[in-house]
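Here is how the chains run, residue by residue.
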Amino acid sequence: MEKATKISPFRLSSLLRLEKNARLALKLFRNPRATAPATPPKPFRYSARSYDLIICKLGRARMFAEMEEVLHQMSLETRFTTKEALFCHVISFYGRARMPGPALHAFDRIPSFRCRRTIRSFNSLLHAMLNCGELERVQSLWRDLDEREFVPDACTYNVLIHAATSSGSLGEAWDLFDEMRRKGIRPSVATFGTLVSALCANSKLDEAFTLKKEMLKLHGVKPNVYIYTSLIKGLCNTNKLDLALKLKEKILLEKDIKLDSAMYSTLIRALFRDGRKGEVVRILEEMKEKGIKPDTVTYNAMIAGFCEDEKDFDAAFEVLNEMARNGRKPDVVSYNTIIAGFCKERRWRHASELLEDMPRRECRPDVVSYRTLFEGMCDAGAFEEAGLLLDEMVFKGYAPGAVSVRKFVEGLGGEGAGDRAGPALCSLAKVKAAGVEVWEKAVGDSVNESELLEVVKFMDRLRMD
DNA sequence: CTAGGGTTAG
């Protein structure tokens, strides 16, 4: 009987690998002996591999409390030491979830697992801060870096260059590029990817194409599909869709470059924008011929096309169905796109319905979902509903965008919205969504005395921040 | 998934 229920550490690893659902995987991990809780325990000897698997599963599922618990359990293990790579993952998970504090904390604790930190985990941390939008943090980490402890590598510079471009400073990016070469660190294809992408995003197509040539001639680095996708997007955004399509044809002839769904997603979005929906079918066929499956982003590009350009919401919903048929789960972008489309057409009730339906569709609305609908309601003059939505989003910890806050406050100032304005302003204050000027304009006669006091208190706090 | 591309919002 015992042999039927006993699971070896090795077997646990394979089971964990197969279990897609993080919650179930955790259950499995915590109770590896399938039955007989009565048979007591010598402690189960978890393998390092099992820890890797469960921690990464939990991190991907953003079950951070559980992930930390398992990390702690692992720290008590003496039979093996943890690889730095696992901490790199953990730091990235926090970065992707925009949790800079925990990311830093994870980095700080690596030595307590008897694991030596290298430039790799430092790079992970740097990148996590970039993902969190903490650009000044990226700067300070870089400034305070002790190069005797961590020797910067190409990856370090790639993150720094990315940070520079995303703060809009191409000049700084080039300085870093020069600096790394002075130090004898060879730029990688990722370095050029970042630079080409930034040039394209700034409509500097000529420079982008020049750099593409130089990377091979001067630096011996071959352009890959990432580089080409940036270039194609750059062409699309400067009204050169036909050139973009030609470039795609040229790449098809290149032996060692494999096109992928990202490149096709770019083209599909651009075709819709140019009113060339008819050609999308051909593109989809081409993908099929090449064995490239549309992914969620590809479908989202079509949804955006149908909503923004074609105003064909039935078709957009049909794409959702198509995704279901092909086993691609619509994500928050899929829904946000439709919500935005409805709002642009002033059909905020439809947008609202969809947002309410998202949980049933197993997708949690995010800050963009709420901001989009909130602004849509304000634009349509539906301030009462906007106020209700505001309460809900504040409750969830989401702040509306600055522009819609202004619209909202101005809208409330209109015909005798007195009773609604006060509570709504308090909500805004709670998430500090409005600047001081907005308050001073807004706090007229529409707020009663106790509410005024509340708002003034919040204003003081705003001033101090 | 230590670094680069593609879809939404601002």
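Higher on the page you've got the structure.
These numbers were taken from a predicted model, which means no experiment stands behind them. (Residues numbered from 1 in each chain as written. Chains lettered and ligands numbered in written order. Predicted model: local features only at pLDDT ≥ 70, side-chain atom pairs only at ≥ 80, totals over all residues. Heavy atoms only, no water.)

1. Concerning helix H18 (residues 296-309)
Since one α-helical turn is 3.6 residues long, residues separated by three or four positions face the same way. Heads up, the condition is: Numbering of helices and strands runs from the N terminus; a helix is a DSSP stretch of H or I covering at least four residues, while a strand is a stretch of E covering at least two. Helix span, as expected, comes to 1.5 Å for every residue beyond the first. Three labels apply to residues, based on accessible area from a 1.4 Å probe with only protein chains included: buried if under 20% of the type maximum, exposed if over 50%, partly exposed otherwise in between. Any pair of residues with heavy atoms lying within 4.5 Å of one another is described as a contacting pair.
End to end, H18 covers 19 Å across 14 residues, agreeing with the expected 20 Å (1.5 Å per residue, within 8%). Burial runs high along H18: 11 of the 14 residues are buried. Turning to H18, its buried residues are Thr296, Thr298, Tyr299, Asn300, Ala301, Met302, Ile303, Ala304, Gly305, Phe306 and Cys307. Among the structural elements, helix H16 (261-273), helix H17 (278-289), helix H19 (313-325) and helix H20 (332-344) are those in contact with the buried residues of H18.

2. Structural notes on the pattern of salt bridges
In plain terms, the rule: Between Lys or Arg on one side and Asp or Glu on the other, a salt bridge is scored when a side-chain nitrogen of the former is within 4 Å of a carboxyl oxygen of the latter.
The final tally for this structure, using the stated rule, is 26 salt bridges. Between Arg276 and Glu279 there is a salt bridge, and its shortest N-O distance comes to 2.7 Å. The partly exposed category is assigned to Glu279, whose relative accessible area is 34%. Notably, a salt bridge pairs Lys407 with Asp379, separated by 2.9 Å at the nearest N-O pair. Placement of the pair is Lys407 in helix H24 (residues 402-412) and Asp379 in helix H22 (residues 367-379), with a sequence separation of 28 residues. A relative accessible area of 27% places Lys407 in the partly exposed class. When salt bridges with common partners are traced through the structure, they connect Glu147, Glu179 and Lys183 into a single cluster.

3. Describing empty space enclosed by the protein
Rules: Think of a 1 Å grid over just the protein atoms. A cavity is a set of points where a 1.4 Å probe fits yet cannot get out, a pocket is an open set with protein on both sides within 12 Å along at least five of seven lines, and lining residues have an atom within 4 Å of a point. Grid points are joined across faces, edges and corners, and a volume is the space filled by probe spheres set on the points. Three residue categories are used. Nonpolar comprises Ala, Val, Leu, Ile, Met, Phe, Trp, Tyr, Cys and Pro, charged comprises Asp, Glu, Lys and Arg, and polar comprises the others, including Gly.
Counting across every chain of the model gives one cavity of 30 Å³ or more. A volume near 40 Å³ is recorded for the largest cavity. For the largest cavity, the full set of lining residues is Met74, Ser75, Glu77, Phe80, Thr81, Thr82, Phe113 and Arg114. Tallied by class, residues from the lining of the largest cavity come to three nonpolar, three polar and two charged.

4. Quick look at the packing of H22 against H24
Using the following cut-off: Axis lines are fitted through C-alpha atoms, for helices just across the contact stretch, and the angle between N-to-C directions can take any value from 0 to 180 degrees. The sense of a crossing depends on the near helix, which, turned anticlockwise from the far helix by less than a right angle, makes the crossing left-handed and, turned clockwise, makes it right-handed.
The contact between H22 and H24 brings their axes to 9 Å, and the two run at 35 degrees. Where H22 crosses over H24, the two elements pack in a sense that is left-handed. Across the interface between the two elements, Phe374, Glu375, Cys378 and Asp379 from H22 touch Val403, Ser404, Val405, Lys407 and Phe408 from H24.

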